[in-house]
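Observations on the three-dimensional arrangement
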Amino acid sequence: MKTAIAIISYLLFTLSAYALDLKTPAPVDMISHSKPPSKDMYFASEIYPVGWSKDGHFAFVQKNEVAGRGGIKFSYFIIDSVTDKVAWNYIDDWIDSNNTTIHQSIKKSKNRFKKQLEKYEIVQNRGIDLHAFPLNHGDQKFFPEIEILKKKESHPFLGDIKSVSIFMNKNTKRKRIFLKKDPGAFSYWITGYFASPFEKRILVGIGEEKWGHEGTEGHIIFSGCSLKSGYK
């Protein structure tokens, strides 16, 4: 009986949580747990986390200034942290304004975004705090490592990285959670992680420094990671 009551309570909480009116998400500082990779990087993407679903979908909004052209783009994402695939994406492009706020974008995109949050059963404001590594869970310690292979020659706008791999260590075991070949980037760094409130799974934030308009820009990539399986 207690188990049945607990399940019903959870379902009612979940349904009410993702059916609530969409609130304006707050930004997280994606370099609060790491140092900027370069003095030439004139901006990094702003991330506004929204919440998780029970099956590993994570929703967030990314804000980017469009250097050169001007204006701001708000990119709405729901990503599957199990497959690392984008389940849904929408771009709200403000071409004529560099002062547009997330509140204005949310107001404009509210109905479209809320429909997708309900579709994927995203529970708003759950698991949206950015945490620093290492992650300690009982007697297990999780920490990422970046391995980069370099090319013989460097390109002034594409760098010299041949491939980048990111491994998650679990004590003495590890697994690769990210691989990108010929990325056209200058550097990578780990920004931290978001933890699912529903299962032993995290979403690792990866900073990627690429050439922009008159310098480099910091972009954020996310890679899901189970804390339970895949370690060798």
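Calculation rules
- Residues numbered from 1 in each chain as written.
- Predicted model: local features only at pLDDT ≥ 70, side-chain atom pairs only at ≥ 80, totals over all residues.
- Heavy atoms only, no water.
- Helix = DSSP H or I, 4+ residues; strand = E, 2+ residues; numbered from the N terminus.
- Patch = residues over 30% accessible without salt bridge, like charges linked within 9 Å, V, L, I, M, F, W, Y side chains within 5 Å.
- Areas by Shrake-Rupley, 256 points an atom, 1.4 Å probe, with all protein chains shown as cover.
- Salt bridge = Lys/Arg side-chain N within 4 Å of Asp/Glu carboxyl O.
- Lys, Arg positive; Asp, Glu negative; His and termini not counted.
- Charge placed at Lys NZ, Arg CZ, Asp CG, Glu CD.
- Phe/Tyr/Trp six-rings, centres within 6.5 Å; stacked < 30°, edge-to-face > 60°.
- Lys NZ or Arg CZ within 6 Å of the ring centre and 35° of its normal.
- Pairing = 2+ DSSP bridges.
- Axes fitted to C-alpha atoms, helices over the stretch in contact; angles between N-to-C directions.
- Buried < 20%, exposed > 50% of the residue type's maximum accessible area, 1.4 Å probe, protein only.
- Core = buried A, V, L, I, M, F, W, Y, C linked by side-chain atoms within 4.5 Å.
- Contact = heavy atoms within 4.5 Å.
- Polar contact = N/O pair within 3.5 Å; in protein donor to acceptor, adjacent residues only side chain to side chain.

Glycine aside, negative phi is the norm for most residues, and most peptide bonds take the trans geometry. Look at the link from Phe-133 to Pro-134: it is a cis peptide, with omega at 5 degrees. With respect to the helices and strands, the residue Pro-134 is situated in the loop between strand S6 (123-124) and strand S7 (135-137). The backbone of Asp-84 sits at a positive phi, close to 65 degrees, despite the residue not being glycine. Mapped onto the elements of the fold, Asp-84 is located in the loop between strand S4 (72-80) and strand S5 (86-94).

A grouping of Lys-152, Lys-162, Arg-176 and Lys-181 is seen on the molecular surface, where their side chains present a positively charged patch. Locating Lys-152 in the fold gives a position in strand S8 (residues 140-155).

One pass over the full model with this rule turns up 14 aromatic pairs. Centroid distance Phe-60 to Phe-222: 4.9 Å. Interplanar angle 65 degrees. Geometry classified as edge-to-face. Of this pair, Phe-60 sits in strand S3 (residues 57-65) while Phe-222 sits in strand S13 (residues 216-226), and the two are 162 residues apart along the sequence. What links up through ring pairs into an aromatic cluster is the set Trp-52, Phe-58, Phe-60, Phe-77, Phe-194 and Phe-222. The positively charged end of Arg-174 is found above the aromatic ring belonging to Phe-167, 3.8 Å away from the centroid.

Take the sheet that holds strand S1 (residues 41-44) next. Spatially, four strands are ordered S1-S13-S12-S11 in an open sheet, and the strand pairing comes out mixed. Each edge of the open sheet is held by one strand with a lone partner, namely S1 and strand S11 (187-195). Pairs of neighbouring strands in the sheet enclose a mean axial angle of 30 degrees, with direction left out of account. One ladder, built from eleven bridges, connects strand S12 (residues 201-211) with S13; its direction is antiparallel. The partner of Leu-203 across the bridge, within S13, is Gly-224.

This structure, assessed with the given rule, holds ten salt bridges. Across the salt bridge formed by Lys-108 and Asp-92, the nearest N and O atoms sit 2.8 Å from each other. With Lys-108 in helix H2 (residues 102-119) and Asp-92 in strand S5, the pair connects residues that are 16 residues apart, well separated along the chain. Exposure remark for Asp-92: the relative accessible area of 0% places this residue in the buried category. The partner of Arg-201 in a salt bridge is Glu-199, and the shortest N-O contact between them spans 3.5 Å. On the accessibility criterion, Arg-201 (12% relative accessible area) is buried. Linked through salt bridges whose partners overlap, the residues forming this network are Glu-145, Glu-147 and Arg-174.

Membership of the largest hydrophobic core comes to 20 residues, with the highest contact counts inside it found for Phe-133, Met-168, Ile-202, Val-204 and Ile-206. Among the elements of the structure, strand S9 (159-170), strand S10 (173-181), S11, S12 and S13 are those that each provide at least two residues to this core. Looking at this core, the element that brings in the most residues is S9, giving four residues. Other than its neighbours up to four places away in sequence, Ile-206 contacts Ile-166, Phe-178, Tyr-188, Trp-189, Ile-190, Thr-191, His-219, Ile-220, Ile-221 and Ser-223.

One open sheet accounts for four strands, arranged S7-S8-S9-S10; its pairing is antiparallel. Each edge of the open sheet carries a strand with a single partner, namely S7 and S10. Direction aside, the axes of adjacent strands within the sheet are offset by 20 degrees on average.

With respect to the helices, strands and loops of the structure, Ser-81 is situated in the loop between S4 and S5. On the basis of relative accessibility, which here comes to 1%, the residue Ser-81 falls in the buried class. A polar side-chain atom of Ser-81 sits 2.6 Å from the main-chain carbonyl oxygen of Gly-56.

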